Amino acid sequence: MSKKKLGLGAKILIGLVAGIIVGAIFWLAMGAEAAGDFTAKWIKPFGDIFVNLLKFIVVPLVLLSIMDGVISMGDISKVGKIGWKTVAYFLVTTAIACIIGLIVANLFKGAFPVLQLAEDAAYEAKTANLMDTLVNIFPSNAIAPLANASMLQIIVIALFFGCGILVAGDKGKPFGNFISSFNEVTQKVMGFILALSPYGVFALMIWVVAAQGPKILQSLALVLLAAYIGYIIHVVLVYSLSVKAFAKMSPLTFFKKVFPAAAFAFASTSSVATLPIAKECADDMGVESEISSFVLPLGATVNMDGTAIYQCVAAIFLAKCVGLDLTLTQMVVIVITATLASIGTAGTSGAGMIMLAMVLEAVGVPTTFIGIIYGVDRLFDMGRTALNVIGDVSCSVCVHQWESGDLKPAKK
Ligand code: ASP
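Just so it is clear, the structure is predicted and the values come from calculations on it, not from any experiment.

A few words now on the packing of helix α11 (residues 251-268) against helix α18 (residues 377-404). Between α11 and α18, whose axes approach to 8 Å, the crossing angle comes to 145°. Judged by the twist between their axes, the crossing of α11 over α18 is right-handed. For the pair α11 and α18, contact is made by Phe254, Phe255, Val258, Ala261, Ala262, Ala265, Phe266, Ala267 and Ser268 and by Arg378, Met382, Gly383, Thr385, Ala386, Val389, Ile390, Val393, Ser394 and Val397, respectively. For the contact of α11 with α18, the per-class residue count stands at 14 nonpolar, 4 polar and 1 charged.

The next subject is the packing of aromatic side chains. Per the counting criterion, the structure on display carries 9 aromatic pairs. Relative to Phe182, the ring of Phe178 lies with its centre 5.7 Å away and its plane at 50°, an arrangement referred to as tilted. Of this pair, Phe178 and Phe182 are both found in helix α8 (residues 173-194), 4 residues apart, which corresponds to roughly one turn of the helix. Overall, Phe178 belongs to the partly exposed group, its relative accessible area being 48%. Summarising the aromatic geometry, the rings of Phe254 and Phe255 are spaced 5.4 Å apart at their centres and angled 65° between planes, so their arrangement reads as edge-to-face. Judged by its relative accessible area of 0%, Phe254 is buried. The exposure class of Phe255 is partly exposed, given its relative accessible area of 22%. Through pairs of rings, three or more aromatic residues link up here, namely Tyr89, Phe246 and Trp402.

Let us look at the environment of Pro366. For Pro366, the location among the structural elements is in the loop between α16 (351-363) and α17 (371-374). On the accessibility criterion, Pro366 (37% relative accessible area) is partly exposed. Non-local contacts of Pro366, meaning those with residues more than four positions away in its chain, are made with Val322 and Leu360.

We now examine the site of the ligand. As a matter of local geometry, the ligand sits amid 17 residues, with Ser271, Thr307, Gly352, Asp381 and Arg384 nearest to it. A distance of 2.6 Å separates an oxygen atom of the ligand from a polar backbone atom of Gly352. Protein contact buries 100% of the 270 Å² of open area that the ligand shows by itself. Going through the elements one at a time, α16 and α18 are the ones with two or more residues in the shell around the ligand. Per-class residue counts for the shell around the ligand are 3 nonpolar, 12 polar and 2 charged.

Bringing helix α12 (residues 271-285) into the picture now. Taken as a whole, α12 carries its principal kink of about 35° at Ile277. Most of α12 is tucked away: 13 of the 15 residues are buried. Positive phi appears at Gly286, one or two residues downstream of α12, with a value of about 95°.

Here is a general trend for soluble globular proteins: nonpolar side chains tend to be buried in one another's company. In this structure, Phe254, Ile334, Leu356, Phe380 and Val397 are the most contacted members of the largest nonpolar core, which totals 125 residues. With residues up to four places along the chain from it excluded, the contact list for Leu356 reads Tyr310, Gln311, Ala314, Ala315, Leu318, Ile370 and Ile373.

Enumeration according to the criterion identifies 9 salt bridges in this entry. The shortest N-O distance in the salt bridge between Lys173 and Asp170 comes to 3.2 Å. Its salt-bridge partner being Asp381, residue Arg384 comes within 3.3 Å of it at the nearest N-O pair. Here the residue Arg384 and the residue Asp381 both occupy positions in helix α18, the gap between them amounting to 3 residues, near one helical turn.

A separate point is α16. The buried count for α16 comes to 10 of 13 residues, which makes it a mostly enclosed element. Following α16 by one or two positions, Gly364 adopts a phi angle in the positive range, close to 80°.

A residue-level look at the protein finds 88% of positions with pLDDT of 70 or above and a mean pLDDT of 84. Across residues 1-5, where pLDDT falls below 50, the model places 7 contacts with residues more than four positions away in sequence or in other chains. A low-confidence stretch, residues 117-127 (pLDDT under 50), is modelled with 21 contacts involving residues beyond four sequence positions or located in other chains.

What counts, and where the lines are drawn
- Residues numbered from 1 in each chain as written.
- Predicted model: local features only at pLDDT ≥ 70, side-chain atom pairs only at ≥ 80, totals over all residues.
- Heavy atoms only, no water.
- Axes fitted to C-alpha atoms, helices over the stretch in contact; angles between N-to-C directions.
- Helix = DSSP H or I, 4+ residues; strand = E, 2+ residues; numbered from the N terminus.
- Left-handed = near helix turned anticlockwise from the far one by under 90°.
- Contact = heavy atoms within 4.5 Å.
- Nonpolar A, V, L, I, M, F, W, Y, C, P; charged D, E, K, R; others polar.
- Phe/Tyr/Trp six-rings, centres within 6.5 Å; stacked < 30°, edge-to-face > 60°.
- Buried < 20%, exposed > 50% of the residue type's maximum accessible area, 1.4 Å probe, protein only.
- Near = heavy atom within 4 Å.
- Polar contact = N/O pair within 3.5 Å; in protein donor to acceptor, adjacent residues only side chain to side chain.
- Areas by Shrake-Rupley, 256 points an atom, 1.4 Å probe, with all protein chains shown as cover.
- Bend = angle between axes of the 7 residues up to and from the residue.
- Core = buried A, V, L, I, M, F, W, Y, C linked by side-chain atoms within 4.5 Å.
- Salt bridge = Lys/Arg side-chain N within 4 Å of Asp/Glu carboxyl O.
- pLDDT = per-residue confidence, 0-100.

Listed below in structure tokens is the structure:
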């Protein structure tokens, strides 16, 4: 591992721990409300600057890196081969995540409360309908998805144009070269932004800890615990096994190398914003660039194992809160809808909670009750985003092994 990369990972860790300590000091010294207001006003904005910069770079990054990934595969049949393996890995791991989430939530169910709830729950969820989600993947305009950062649509555009360049043969080459060069420049710009990540993590963690201190945790400790147990089981079981079995990589090495991306995802709660760091980690593990450039942006947009676990746990919890006892068939419906909902979830902060509405609707839990966990969503989001990103990187190492054989970690 190069000095520079080690440096970044270590710095992110220091930023994370220092942020937690400083946030706790604020919380103890000022109390949750005042500390929350103060840090939201004066400290969080520095984290926001950093997250803004990441969001700014991420649209060109996803568009160009997927196109470049497709172009660098050289022929269209290879795109298909890698594409289906990637999608199969994503779907299978997400379905397993749902099942783990359901099992854990059911074990905890007895301890979940049945609440007396007022009709006017504070948060009105935006409903996300299954068929709308499907139709919305396909853009009706070539520019709007880029301006609105609609990631699924951007992926569709990138895949179409990437394949178009390949099929156009010699005539497509100049455009392909332009895209590769543009992609290279974008990666360099991203490098500048990445150097700021430890400071961004530091500022964000101070705010989270100061604003959401232990008090708010108490009321939802159980459901949070259930979600985090699900996250941990999934990481230990699914990712350890898959990198060991498919990528012939020691799980310990994998977790060590994926740590900077996981830590950043934890603090930023955005898979898409974490994309640049995830790419660095995959490079460091020796994943070929043409594979990571294809798998990671796709994964940051559609592969959300953590979100799937969260949606299952939250659905069981909220069903219990409103006094519904779910049947086995309804559990199966949860697995299917949570898998689809997690695919439709944007890789941005809090998006998984919006898509939870789709899962709740499918089993008849009123979506307004999302309000119950709204206040602490960020705490769920931190873990689920870390998991989402680890899942993407694990997929890239497995696909690398399936396609190109042993990983050769970069020596820089
Ligand atoms: N924040 C998550 C992510 O970016 C999505 C979610 O809210 O579940 O991966």
